Amino acid sequence: MPVIVAIDGPSGTGKSSTSKAVAAQLGLSYLDTGAQYRAITWWMVTNGIDTADPFAIASAAGKPEIVSGTDPEKPAITVDGIDVSGPIREQDVTSKVSAVSAVPEVRTRITELQRAIAGSAVTGIVVEGRDIGTTVLPDADLKVFLTASPEARAARRSGELEGADLHATREALVKRDAADSSRKTSPLAKADDAVEVDTTDLTLQQVIECVVTLVEEKRAGR
Ligand SMILES: Nc1ncnc2c1ncn2[C@@H]1O[C@H](COP(=O)(O)OP(=O)(O)OP(=O)(O)O)[C@@H](O)[C@H]1O
Ligand SMILES: Nc1ccn([C@H]2C[C@H](O)[C@@H](COP(=O)(O)O)O2)c(=O)n1
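Values in this document were obtained by computation on a predicted structure and should not be read as measured data.

Caption draft 1: The site of ligand 2, seen in detail. Around ligand 2, the structure places 16 residues, and the nearest of them are Arg-38, Arg-107, Asp-131, Arg-176 and Asp-180. The side chain of Thr-33 places a nitrogen or oxygen atom 3.0 Å from a nitrogen atom of ligand 2. The side chain of Arg-107 places a nitrogen or oxygen atom 2.8 Å from an oxygen atom of ligand 2. The set of elements that each furnish at least two residues to the shell around ligand 2 consists of helix H2 (33–46), helix H4 (91–101) and helix H8 (166–182). Top contributing element to the shell around ligand 2 by residue count: H2, with 4 residues. Grouping the constituent residues of the shell around ligand 2 by class yields 3 nonpolar, 5 polar and 8 charged.

Caption draft 2: Region of the structure containing the pattern of salt bridges. Within this structure, the stated rule accounts for 10 salt bridges. It is possible to trace a salt-bridge network through shared partners that takes in Arg-130, Asp-180 and Arg-183.

Caption draft 3: Looking closely at the sheet that holds strand E4 (residues 77–79). Taken together, 3 strands build an open sheet; the order of strands is E3-E4-E5 and the sheet is antiparallel. A single partner strand is all that each edge strand has here, and the edge strands are strand E3 (66–68) and strand E5 (82–83). Looking at chain direction, E4 and E5 are connected through 2 bridges and run antiparallel. Across the sheet, Val-79 pairs through a bridge with Ile-82, a residue of E5. Each of E3, E4 and E5 is contacted by H2, which is oriented at about 25 degrees to E4, the strand it contacts most.

Caption draft 4: Inspection of the UniProt feature "binding site: ATP" (unreviewed entry) in the protein at higher detail. The feature "binding site: ATP" (unreviewed entry), as given by UniProt, occupies Gly-9, Pro-10, Ser-11, Gly-12, Thr-13, Gly-14, Lys-15, Ser-16 and Ser-17 in the numbering adopted here. In this fold, Gly-9 is placed in the loop between strand E1 (3–8) and helix H1 (15–26). Within the fold, Ser-17 resides in helix H1.

Caption draft 5: Inspection of the UniProt feature "domain: Cytidylate kinase" (unreviewed entry) in the protein at higher detail. Residues annotated in UniProt with the feature "domain: Cytidylate kinase" (unreviewed entry) correspond here to residues 5–216. Helix makes up 50% of residues 5–216 and strand 15%, whereas the separation of the span's terminal C-alpha atoms amounts to 11 Å.

Caption draft 6: Local environment of the site of ligand 1. Near ligand 1, the surroundings consist of 17 residues, among which Lys-15, Ser-16, Ser-17, Arg-157 and Glu-160 are the closest. In this structure, Arg-130 approaches ligand 1 through a side-chain N or O atom, which is 3.3 Å from an oxygen atom. The separation between a nitrogen atom of ligand 1 and a polar main-chain atom of Leu-202 is 2.9 Å. Contributing elements (two or more residues each) for the shell around ligand 1: H1, helix H7 (150–160) and helix H9 (204–220). Per-class residue counts for the shell around ligand 1 are 4 nonpolar, 7 polar and 6 charged.

Caption draft 7: A look at H4. Three or more residues of H4 are buried, namely Val-93, Thr-94, Val-97, Ser-98, Val-100 and Ser-101. Each buried residue of H4 lies within a common arc of 165 degrees when the element is viewed along its axis, so the set occupies one face. The inward-facing, buried residues of H4 contact H2, helix H3 (54–60), helix H5 (104–119) and H8.

Caption draft 8: Expanded view of the environment of Glu-112. Here Glu-112 lies in helix H5. On a C-alpha basis, the gap between Glu-112 and Ser-68 in space is 13 Å, while along the polypeptide they are 44 residues apart.

Caption draft 9: The arrangement of the side chain of Asp-177 in detail. Looking at the secondary structure, you find Asp-177 in helix H8. Judged by its relative accessible area of 9%, Asp-177 falls in the buried class. If we skip the residues at most four places from it in the chain, Asp-177 touches Pro-10, Ser-11, Arg-153 and Leu-188.

Caption draft 10: Summary view of the sheet that holds strand E2 (residues 29–32). Sheet architecture is open: 5 strands sit in the order E2-E6-E1-E7-E8, paired in parallel fashion. One side of each edge strand has no neighbouring strand; the edge strands of this open sheet are E2 and strand E8 (195–198). The mean angle between the axes of side-by-side strands here comes to 20 degrees, regardless of whether they run parallel or antiparallel. Where E2 meets strand E6 (residues 124–129), 4 bridges bridge the pair, whose relative direction is parallel. In the strand pairing of E6, Leu-31 is matched with Val-127. Against the sheet, H9 touches E1, strand E7 (142–147) and E8, its axis set at about 160 degrees to E7.

Conventions and cut-offs
- Residues numbered from 1 in each chain as written.
- Chains lettered and ligands numbered in written order.
- Predicted model: local features only at pLDDT ≥ 70, side-chain atom pairs only at ≥ 80, totals over all residues.
- Heavy atoms only, no water.
- Near = heavy atom within 4 Å.
- Polar contact = N/O pair within 3.5 Å; in protein donor to acceptor, adjacent residues only side chain to side chain.
- Helix = DSSP H or I, 4+ residues; strand = E, 2+ residues; numbered from the N terminus.
- Nonpolar A, V, L, I, M, F, W, Y, C, P; charged D, E, K, R; others polar.
- Salt bridge = Lys/Arg side-chain N within 4 Å of Asp/Glu carboxyl O.
- Pairing = 2+ DSSP bridges.
- Contact = heavy atoms within 4.5 Å.
- Axes fitted to C-alpha atoms, helices over the stretch in contact; angles between N-to-C directions.
- UniProt positions renumbered as here; feature names shortened; annotations may be inferred.
- Buried < 20%, exposed > 50% of the residue type's maximum accessible area, 1.4 Å probe, protein only.
- Arc of directions from axis to C-beta.

Have a look at this one:
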């Protein structure tokens, strides 16, 4: 039986790093759903769609073809055949992704893709995002909700970007979390049956070991 693992949480809590490592260690597929929302945002920006206009976003939501790779060792994402793994991490996309991902037509489209990918994972999959445990895969075998203090998350993010301002980084991620948590459709939220792991004082390796143990316990208890 394939094992389905949902990992949700705010920005910078370690979802991607943890999910990739857990999937690689356990021989599972991996899906970065944030990358999918970033990819559709990139397409909107590139095609001159006004990202402040939910109606314009809704009517264009069905147009781009988004293809996600599921190999945790080399995550890949294309839009209409173009590799967008670099451009989707740029500041312009990051600042607009919350607005685009709040549009219900966008969520319906991307959720369908996510369910199809999870359903075809032969050994199982680790899917990370904001609404995986609550909405996309409510029957997941294991749900984990990662948290960390805004200070720890900002320090982690600033470490990735040369010359980043810690205060500005903290403000930007708190603002994005607020937008993602307060949208009407499928907001960032912990599922009632998710295991919450506060990663503030844990190393990445400790978080990975914790989640691997939780998956193994689930598998053993089946
Ligand atoms: N427990 C940890 N201790 C220290 N650094 C960590 C920890 N977990 C993750 N990191 C580092 O923090 C940064 C952000 O991690 P990651 O991208 O996995 O977070 P995320 O939750 O997926 O963020 P986002 O939702 O914004 O994509 C990375 O540089 C990663 O190496
Ligand atoms: N399941 C998801 C995943 C992501 N989003 C949105 C909200 C995030 O701010 C944005 C980018 O995610 P990241 O790459 O930082 O993990 O995508 C969402 O609404 N639902």
